[in-house]
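Survey of secondary and tertiary structure
What follows is each chain in one-letter form.
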Amino acid sequence: MYSRGSVCILFWLCITVFNCTAQQWHLSYYTVNEGMVSNYVTKIFQDSRGFIWISTFDGLSKYDGHRFTNFTTANGLPHNLVNDIIELKDGRMYMACNDGSVALMQQDRISKVMPSVAVINKFYKTTTGKILAVTDRQGIQEFNEGKLHKPSQPFPYGSYFSMTTINDSLLLAGSDSSIQVFTNDLRLVKQFTAPVFYGENRVFKDSRGRLWASHFPQLAMLSMNGVVPLPASFHSLNPLSINRANIKQIFEDKEGNNWFPGGYGLIQLDRNDKVKIWGKKNGLLSDNATYLFQDREDNLWIGTSLGLCKMQGKNTVTLFNGPHELTAMNGGFIFAESENKFLAGTRKGWQYFNKETGEWSDLKKPTNKLYVIQKHLQGQPVLLTDDGLPILTNTRESSDLQNFLLRQPEMINHAVKDDDGNFFMADNHHLYIYDGRKVYADSVISNTLTTCMAIERKGALWMGTWANGVVRVEYKNRNGMFRIVKKETLLANESIRSLFVDKNGNIWAGSRYNGLFHLSPDNKGNYKAEQWNTKKGLSSNWVMTIAGDARGNIWLGYTYGLDKLVKKTDSTYRVFNFSRVNNFFGNIYQILPDNGNLWLITYDGLALVKDNEMENKTPWPVYITRVSIGDSTYVNEAMPATLAYGKNSLRFDFTSPTYTNEKQVLYSYRLGGSDDTAWSSPQNLHSVSFASLSPGHYRFEVRMLGWNGQWGQSATANFTILPPLWRRTWFVALVFLLLAAVVAWLMRRRIKLVKHEAEMKQQLAETEMMALRAQMNPHFLFNSLNAIDSLIQTRQHDKATTYLGRFARLLRLVLDSSKNKLVPFDKDFTAMQLYLDMEKFRSGDKFQFDINAEHELLNGGYSIPPLLVQPFIENAIYHGLMNKRSDDRRLTVNASLQDEFIVFNITDNGVGRIRSKDINAVNRPEHVSYGWQITIQRLGLHNGGNGEDYIIVRDLYEDNEPRGTHIEMKIKVNAY
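In this text, all values refer to a predicted model and were calculated from it rather than measured experimentally. (Residues numbered from 1 in each chain as written. Predicted model: local features only at pLDDT ≥ 70, side-chain atom pairs only at ≥ 80, totals over all residues. Heavy atoms only, no water.)

Description of the overall build of the protein
As a reminder, the rule being used: Counting from the N terminus, the helices are DSSP H or I runs at least four residues long and the strands are E runs at least two residues long. For each residue, the accessible area found with a 1.4 Å probe, counting protein chains only, is set against the maximum for its type, and the residue is called buried under 20%, exposed over 50%, and partly exposed in between. Between two residues, a contact is recorded if the distance between any of their heavy atoms is within 4.5 Å. For accessible areas, the Shrake-Rupley method is used with a probe of radius 1.4 Å. Any residue's cover is judged against the shown protein chains and nothing else.
A tally of helices and strands in the protein yields 10 helices and 73 strands. Counting across all 976 residues of the protein, residues that qualify as buried make up 51%. Considering only residue pairs separated by 6 or more positions, the protein has 52% of its internal contacts joining residues 24 or more positions apart. If you sum the accessible surface of the protein, you get close to 46400 Å²; carbon and sulfur atoms cover 49% of it.

Here's what the structure looks like:
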């Protein structure tokens, strides 16, 4: 049972608390100014992909290493206060809200909200794989697939706040009124109900098997029986200013330190059982610490009521602000006097610094001025005050050296000691050597300001100069005679500010303007220089100090940071920008390696740097967090695979959930399928945009450059931008089919036209043959030949010869014309004259005729279809004039040019069409005249259209009696 008089564990009686007034963490801060939804942090959680979730009183924030994404009731969160978060193996995250609802988060969206059954304060995964939920006034319930099931239990309506495992079979739970021990099936084993446990009890088991219980106002530890691992009693931990701290959480980091955030700051109990209290004076945003969490990179996240603090990588950098300013006087700052004690120079004298406690103390005999003799490799340093008093030395005291220093008119800038005890000192003009007996002066560096000195080996001294490079001096000391045997200058005209000799005897020289030089000898003793500068990855070209650690790495200090040359082989190194990665940019004057750590003298004081070998850390995965396409946004890579033609401008947001100085993480990207598929230069960017992409298949890739110098696995997004409608395959195929159909239709139409033209040509040819036959019908030929024969019989030979010539000429013209579609107008006009002459001769001069044509027609080069007018003249003679009984028979033919037509006017004074029809019906009832129809077809073929549209026939009357016929015929003009 609980008892204040119980015997406590012995070491708890020895715990002491000290106030860390001089120690300060190197922290990063996150508040609403950086994008958080609110400052009061209540819970911190990291999901399986590495993203950090921060619960506050006013909503939930997700941090991806670049930006915060906030969730409140305004965008789907059922309640602004999330009590706890649990993630299942498939990546689904359930969020227990303070109103009793449970929200399912998928792809950064609230996909489902389970109604309120009980307010879940915390989820707990048991060793058997069950998920238990401790609730307000609804006991302990089992959570499965978003649903709660209440198993049988002794306090079904109790309020619980935490739970932990005692062993494989026992659970420890903290309720609002007691602390209880259960079996895995929730059978009660023991209950502690002392009054002090009234309130929100929180329980925890650390890596050493200790059981903790926090309750207002005290923190207690559960004492184990020693034989049976069952609770025996609780012991209060009141002696340590922890009383009434209102502990909000019990937490253990990966190094075994226990932490207790509360209302009076952050209480740390380290593995040596020493207590420290951290608060606002140590860099926290507030003394009200609310929650603690350590991520997968060992960063420690500290929630407070005023925001979130991050202590990077197991407290990589810690500052110790001493009571006096540290100084760079005489080129030295701090020396290891013992394993746990440093001797440091300040502007007000020398002080001791205790590495274990972080405390400063004065020397017994303080002094304001000090000459410094730096150590060579493992040799002890030699320090002399302005009155010559040796403070630390492994050589005998010498009045000669003391007297020399006292009468030296100028201050000694630098001094070193070799393994034989020889001292080398330099002022602004000379080199002085003290061999234990007397001081020698040498002008080897006459009028040259020495900036640094180093011993390469016995008999070889290196000196860096202000602007004249590095001077290497070989010396000998035999039989009490000290002399310089060789001097050589390297890196001439370089401004040297630091020198270091590594374990292999290689020289490292840091310059003011041109970076670092690695000097190594060849087989002949000649030195070759390898240069390192900003082009090769250094943070600066001004190297102020150089040191080497036990693993052979070289550390470089600058005016604003620290670099590490990581040793790969005896002669090869890789640059690791320690300050850029760890966000530490102090003005560094001196580096002192110490058992894997570094002690630095900086402008801001003494700094402890823990080398966590970040250069070996492999890169974390990269995630595409958002894709913006026009007005549409897709989260967590869930973008459509195909995009319309107009959706060709995209923005990709990406990040790697790494929190080791996330502002220095470098990314590279490329877009496969574009004109430029090369990887971009590494940059600290988290988004990239592509505008006006052409249709095609694309693959966006982005990768992270790890601290180990290697590229991580790429995150990819494949998408296709569809071509416009007129370039799509189906559209092209459809157009091709339509075009083929049109071509086929045109071809069929053309074939039809060609066929029609062929038919028309054939018809024209037949018509022309018919016209020829009609024009040269047997009756005309027979009658004409009979008439000529009659002239011959009556011995009218001259007439017979004349008409026979005319008949032959007419016959020749008709035959010639029948070969051509068009003939000259004058030839056709002559044929008409000959025809009329022959008809008049054949009829025995029974009619008279007049035929006229305009001069322009006869001489203008016009052409017309042959013998097209002849059938109308024949009709006028045979049907109009020959049926007339009186002898005044007359035919008139006139041809004129009107616009694009040749107009023939044919007039006879015969019996007219009606009387002619009646006469023909009596005399020749079986006769059918095809001449008229053939002529109409020929005229239509020539003019285009219907031939009857170009012929006007009018009956002529006198006193209402038929007195002849007038025909107007239009033939389109065709010139040669």
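Notes on helix α5 (residues 797-817)
Quick note on the threshold: A helix's residues, less one, multiplied by 1.5 Å, set its expected span. The directions from the helix axis to the C-beta atoms are what the arc is built from.
Between its first and last C-alpha atoms α5 spans 30 Å; for 21 residues at 1.5 Å apiece the expected length is 30 Å, and the two agree. Every buried residue of α5 is listed here: Ala800, Tyr803, Phe807, Leu810, Leu813, Val814 and Ser817. Buried residues of α5 fall within an arc of 160° about the axis and therefore sit on the same side. Opposite the buried face of α5, by more than 90 degrees, sit the exposed residues Asp798, Thr801 and Arg812.

Side note on the side chain of Asn905
In this structure, Asn905 sits in strand β70 (residues 901-908). Residues contacting Asn905, with those up to four places away along its chain left out, are Thr892, Val893, Asn894, His966, Ile967 and Glu968.

Looking at the side chain of Thr658
Formally: Two N or O atoms count as a polar contact when they lie within 3.5 Å, although within protein this holds only if one can serve as hydrogen donor and the other as acceptor, and sequence-adjacent residues are included solely when both atoms are side-chain atoms.
By the element assignment, Thr658 lies in the loop between β61 (650-655) and β62 (666-672). Assessed through its relative accessible area of 1%, Thr658 is described here as buried. Here the side chain of Thr658 touches Glu297 through a polar contact of 2.6 Å, side chain to side chain. Beyond its immediate stretch of four places on either side in the chain, Thr658 contacts Gly65, Glu297, Trp620, Val665 and Met704.

Some thoughts on the pairing of strand β41 (residues 431-434)
To keep things clear, this is the line we draw: What makes two strands pair is DSSP finding at least two bridges between them.
Across the two faces of β41 the burial is the same, with Leu431 and Ile433 and Tyr432 and Tyr434 all buried. Pairing geometry for strand β40 (residues 423-426) and β41, over 4 bridges, is antiparallel. Looking at β41, one finds that Phe423 is bridged to Tyr434. Hairpin geometry of β40 and β41 is characterised by an intervening segment of 4 residues between the two adjacent antiparallel strands. With 4 bridges joining them, β41 and strand β42 (residues 439-442) adopt antiparallel strand pairing. Each bridged residue has a counterpart across the sheet, and for Tyr432 the counterpart in β42 is Ala441. Two successive antiparallel strands, β41 and β42, enclose a turn made up of 4 residues, where Gly436 displays a positive phi of approximately 100°.

Quick word on the nonpolar core
Inclusion rule: By nonpolar core we mean a set of buried residues, namely Ala, Val, Leu, Ile, Met, Phe, Trp, Tyr and Cys, connected to one another through side-chain atoms within 4.5 Å.
Ranked by internal contacts, the top residues of the largest apolar core, which has 47 residues, are Phe825, Ile873, Leu891, Phe904 and Met969. The biggest single contributor to this core is helix α6 (residues 825-842), with 9 residues. The contact partners of Ile873, leaving out residues within four places of it in the chain, are Met832, Tyr835, Leu836, Leu891, Val893 and Ile906. In this structure, Met614, Phe654, Leu671 and Phe690 belong to the second largest nonpolar core, which totals 43 residues.

Points about the packing of aromatic side chains
The condition is simple: Think of it this way: a Phe, Tyr or Trp ring, Trp meaning its six-membered ring, pairs with another when their centres are within 6.5 Å, and the plane angle makes it stacked under 30 degrees, edge-to-face over 60, tilted otherwise. Here, a charge over a ring means that NZ of Lys or CZ of Arg falls within 6 Å of the ring centre while also lying within 35 degrees of the ring normal.
If you walk through the whole model with that rule in mind, you get 35 aromatic pairs. A centroid spacing of 5.9 Å and a plane angle of 70° characterise the contact between Phe690 and Phe700, whose relative ring orientation is edge-to-face. Of this pair, Phe690 sits in strand β63 (residues 687-690) while Phe700 sits in strand β64 (residues 696-705); the two residues are 10 residues apart in sequence, bridging distant segments of the chain. On the basis of relative accessibility, which here comes to 14%, the residue Phe690 falls in the buried class. Taken together, Phe652, Phe654, Tyr667, Tyr669, Phe690, Tyr698, Phe700 and Phe719 form an aromatic cluster joined through their ring pairs. The positively charged end of Arg512 is found above the aromatic ring belonging to Trp542, 3.6 Å away from the centroid.

What to know about the pairing of strand β69 (residues 890-898)
One ladder, built from 6 bridges, connects strand β67 (residues 848-853) with β69; its direction is parallel. Bridging from a neighbouring strand, Gln848 pairs with Arg890 of β69. One ladder, built from 8 bridges, connects β69 with β70; its direction is antiparallel. The residue bridging Leu897 from the neighbouring strand is Ile902, located in β70. In sequence, β69 turns back onto β70 through a hairpin of 2 residues, with Asp899 there showing a positive phi of about 55°.

So, α6
The end-to-end C-alpha distance of α6, which contains 18 residues, comes to 25 Å, matching closely the 26 Å that a straight helix rising 1.5 Å per residue would cover. One or two steps after α6, the chain reaches Gly844, where phi turns positive at roughly 75°.

Some words on a nonpolar patch on the surface
Operational definition: Excluding any residue in a salt bridge, patches collect residues exceeding 30% relative accessible area, merging like charges within 9 Å and nonpolar Val, Leu, Ile, Met, Phe, Trp and Tyr side chains within 5 Å. When a carboxyl oxygen of Asp or Glu is within 4 Å of a side-chain nitrogen of Lys or Arg, the pair counts as a salt bridge.
Together, Tyr645, Leu725, Trp726, Trp730, Leu734 and Leu738 make up an exposed nonpolar region whose accessible area comes to about 660 Å². Inspection of the secondary structure assignment puts Leu738 in helix α3 (residues 729-775).

What about the pattern of salt bridges?
Counting across every chain of the model gives 27 salt bridges. Residue Glu662 pairs with Lys310 through a salt bridge whose shortest N-O separation is 2.7 Å. Residue Glu662 is found in the loop between β61 and β62, and its partner Lys310 is found in strand β30 (residues 307-311); the two are separated by 352 residues along the sequence. Each member of the pair, Glu662 together with Lys310, is buried. For the salt bridge of Arg472 with Glu456, the shortest nitrogen-to-oxygen distance reads 3.1 Å. Remark: Glu456 occurs in strand β43 (residues 450-457) and Arg472 occurs in strand β45 (residues 470-478); sequence separation between them is 16 residues. What makes Arg472 buried here is its relative accessible area of 4%. Among the charged side chains, a salt-bridge network with shared partners connects Arg551, Lys564, Asp611, Glu613 and Glu615.

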